[in-house]
Amino acid sequence: MHKFFCIYNYLTEKYELSSSRSYTINAKARILAENTLLPNIQKLLQELYCDLVLLKEKIEENKLLEKLDESELMLSNLYYSLFASPLELVEVDFNNTIIVKELLAKMIKSLNELDSQINIPQYNRLIMLIKNDLQDIYNFLN
């Protein structure tokens, strides 16, 4: 199991997850940030997974579905690496009339938020790969 630390990034003026420890801030503030940062990351990853499942139901082209399958695998690996548990399988409303492009834009925005909250290179790389796949699909649909 990996150890993660919550650090305060003075450049972005935000707390983020890191693999290195920082002792420059008050311990109580760091614990409070950890208690909000980790559940937020977990929630974002779970929402991304739900959106990805919905997206796979909306898209019919095989080439795009292969990219979505790869993204789903990377997302589940990222979640498991961070939380040592699998993503929760949830019921998705397939009758939802959401537009595919809007869903992709929402997912890319969530991935950008995750990228800013996690400061661990191997995880940021996975996030960027997923984001690139979704951006390719978005560009293909234009």
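Scroll up a little and you will see the structure.
Cut-off values and rules
- Residues numbered from 1 in each chain as written.
- Predicted model: local features only at pLDDT ≥ 70, side-chain atom pairs only at ≥ 80, totals over all residues.
- Heavy atoms only, no water.
- 1 Å grid on protein atoms, 1.4 Å probe; cavity = no way out; pocket = protein on both sides within 12 Å on 5 of 7 lines; lining within 4 Å.
- Points joined across faces, edges and corners; volume = space filled by probe spheres on them.
- Nonpolar A, V, L, I, M, F, W, Y, C, P; charged D, E, K, R; others polar.
- Salt bridge = Lys/Arg side-chain N within 4 Å of Asp/Glu carboxyl O.
- Helix = DSSP H or I, 4+ residues; strand = E, 2+ residues; numbered from the N terminus.
- Buried < 20%, exposed > 50% of the residue type's maximum accessible area, 1.4 Å probe, protein only.

It is worth spelling out empty space enclosed by the protein at this point. Per the stated rule, a full pass over the model turns up one cavity of 30 Å³ or more. Quantified by volume, the largest cavity comes out at close to 40 Å³. Lining the largest cavity, in full, are L48, L52, L75, M107, L111, I130 and L134. Residue composition of the lining of the largest cavity, grouped by class: seven nonpolar, no polar and no charged.

A word on the pattern of salt bridges. Inspection of every chain in the model, using the stated rule, returns five salt bridges. Of the charged contacts, one joins K56 and E72 as a salt bridge, the two residues approaching to 2.5 Å between their closest N and O atoms. Taken together, the residues span a long stretch of sequence, with K56 in helix α1 (residues 27-58) and E72 in helix α2 (residues 62-83) at a distance of 16 residues. Of the residues examined, K56 reaches a relative accessible area of 23% and is grouped as partly exposed. In this structure, the salt-bridge partner of D136 is K67, at a minimum N-O distance of 2.8 Å. Here K67 lies in helix α2 and D136 lies in helix α4 (residues 121-141), a separation of 69 residues in the sequence. On the basis of relative accessibility, which here comes to 22%, the residue K67 falls in the partly exposed class. Through salt bridges with shared partners, a single ionic network connects K56, D69 and E72.

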